[in-house]
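# Examination of the molecular architecture
Next come the chains, spelled out residue by residue.
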Amino acid sequence: MLFRSSEWRVIWPDGNVHWLAGRFQVHKDTKGIPTRMSGVNFEITERKRIENELRLANEDLAQFAYSASHDLQEPLRSIKIFSELLASRYGAKLDSEAQEFLNNVREGAGRMEMLVRDLLAYNHASTSEKATEDVDANAAIQAAIANLAGAIAETGAKVDFDPLPHVRVQQIHLQQIFQNIIGNAIKYRRPGIPPVVRITVRRDDGNWLFSITDNGIGIEPQFKEKVFGLFKRLHRSDEYSGTGIGLALCQRIVERHHGRIWVESEPAKGSTFHFTLPTPSSSRE
């Protein structure tokens, strides 16, 4: 028997607003004609109040993160510009220790600039409106590969992909998913072995299932969930660059479109990142 559920707002005789939830089922006769309905109602006013407070708190936090990240860009830009001017005009006059200090300032500003950029991208993925039109996933992955051209050329990486469908997601967001996962496949490569990345797609229970497979260093089983955490890194920054936001951004984008993302991997045998996106009603192949 199929149960249905619903929530509704009720104003009581004293003027107070309450929320109710109900679960019910429709009974039909042998001809399929509804004859009666049974179910149960229960009050969820307190739950709704807590949910609303959490929503407002999350909105405030997102706005704070955006404002703080946005406002940090200008002073960081100044630090980079003036440290570069200092290095170019007076670098020859500085002793080795002073040059090391200056390099640390420049590298720190560069890492902070990358972190701010990634935070803004994460916030945008959390608050931007959902796409109202289908986009060509082929265009998104080609843009991602173009942005990774330097790393691809430097490492001798090979990136192949099947013809991809149209999906209902903002192109920049789909591009960010491809760029982060392919970029990680190139970054976390095995020493002496050129990266090979393969992207495939198939229908799966009303969704498009994308799979991105690499031949990199792989991931230990206990870290398969951790890699999607915000600021979660499995390696030191002096081993691999990055902010620990890329896969969290991918997860946020996918989940906002009611999809899911996960990884299958074995150490030293590469990884396959899977993610799903709903199939648009007007999907074209």
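Notes on the structure in this doc start here. Just so we're clear, the structure is a prediction, and the values are computed from it rather than from any experiment.

## Quick look at the overall build of the chain
- Summing up its helical and strand segments, the chain has six helices and 10 strands in all.
- Residue burial in the chain is summarised as follows: out of 285 residues, 34% are buried.
- Counted over contacts in the chain with a minimum sequence separation of 6, partners at least 24 positions apart contribute 62%.
- Here the chain displays about 17500 Å² of accessible surface, and carbon together with sulfur accounts for 53% of that area.

## Quick word on the packing of aromatic side chains
- All chains considered together, the criterion is met by four aromatic pairs.
- Taking the centre distance of 6.0 Å and the plane angle of 70° together, the rings of F178 and F210 count as edge-to-face. With F178 in helix α5 (residues 171-187) and F210 in strand β8 (residues 207-214), the pair connects residues that are 32 residues apart, well separated along the chain.
- With relative accessibility at 0%, the residue F210 sits in the buried group.
- Put simply, the rings of F178, F210 and F275 pair up and form one aromatic cluster.
- The aromatic ring of W19 is capped on one face by K48, whose charged end is 4.6 Å from the ring centroid.

## Here's the deal with the nonpolar core
- Ranked by size, the top nonpolar core spans 40 residues in total, and within it L174, F178, I181, I182, I199, F210 and F275 carry the most contacts.
- Mapped by element, the contributors of at least two residues to this core are α3 (137-147), α5, β7 (196-204), β8, α6 (246-256), β9 (261-265) and β10 (271-278).
- Of the residues forming this core, the biggest block, seven residues, is contributed by α5.
- In contact with F210, not counting residues within four places along its chain, are A137, L164, P165, V167, F178, T200, V201, F273, H274, F275 and L277.

## Considering α6
- Those residues of α6 that fall on the buried side of the exposure criterion are G246, L247, A248, L249, C250, I253 and V254.
- Immediately beyond the C-terminal end of α6, within one or two residues, lies H258, with a positive phi of roughly 60°.

## A short note on a nonpolar patch on the surface
- On the surface, I81, F82 and L85 cluster together into a nonpolar patch covering about 290 Å² of accessible area.
- Topologically, I81 is positioned in helix α1 (residues 45-90).
- A relative accessible area of 43% places I81 in the partly exposed class.

## Considerations on the sheet that holds strand β5 (residues 158-161)
- Read from one edge of the open sheet, five strands run β5-β7-β8-β10-β9, paired in mixed fashion. Each edge of the open sheet is held by one strand with a lone partner, namely β5 and β9. Here the average twist between neighbouring strands, direction ignored, is 20°.
- The sheet contact formed by β7 and β8 spans eight bridges and is antiparallel. Bridge pairing in β8 places T200 opposite S211.
- Lying on the sheet, α3 is in contact with β5, β7 and β8; it crosses β5 at an angle near 175°.
- In this fold α5 packs onto β5, β7, β8, β9 and β10, with an angle of close to 175° to the strand it touches most, β10.

## Description of the pairing of strand β1 (residues 4-11)
- The pairing of β1 with strand β2 (residues 17-28) spans eight bridges and is antiparallel. The partner of S6 across the bridge, within β2, is G22.
- Taken together, β1 and the strand that follows it, β2, pair antiparallel across an intervening segment of five residues, in which G15 is found at a positive phi of about 95°.

## Observations concerning the packing of α5 against α6
- Two elements in contact, α5 and α6, have axes separated by 9 Å at closest approach and are oriented at 145°. For the pair α5 and α6, the crossing hand works out as left-handed. In this structure, α5 uses H173, Q176, I177, N180, I181 and N184 to contact α6, whose residues at the interface are G246, L247, L249, C250, I253 and V254.

The rules behind the values
Residues numbered from 1 in each chain as written. Predicted model: local features only at pLDDT ≥ 70, side-chain atom pairs only at ≥ 80, totals over all residues. Heavy atoms only, no water. Helix = DSSP H or I, 4+ residues; strand = E, 2+ residues; numbered from the N terminus. Buried < 20%, exposed > 50% of the residue type's maximum accessible area, 1.4 Å probe, protein only. Contact = heavy atoms within 4.5 Å. Areas by Shrake-Rupley, 256 points an atom, 1.4 Å probe, with all protein chains shown as cover. Phe/Tyr/Trp six-rings, centres within 6.5 Å; stacked < 30°, edge-to-face > 60°. Lys NZ or Arg CZ within 6 Å of the ring centre and 35° of its normal. Core = buried A, V, L, I, M, F, W, Y, C linked by side-chain atoms within 4.5 Å. Patch = residues over 30% accessible without salt bridge, like charges linked within 9 Å, V, L, I, M, F, W, Y side chains within 5 Å. Salt bridge = Lys/Arg side-chain N within 4 Å of Asp/Glu carboxyl O. Pairing = 2+ DSSP bridges. Axes fitted to C-alpha atoms, helices over the stretch in contact; angles between N-to-C directions. Left-handed = near helix turned anticlockwise from the far one by under 90°.

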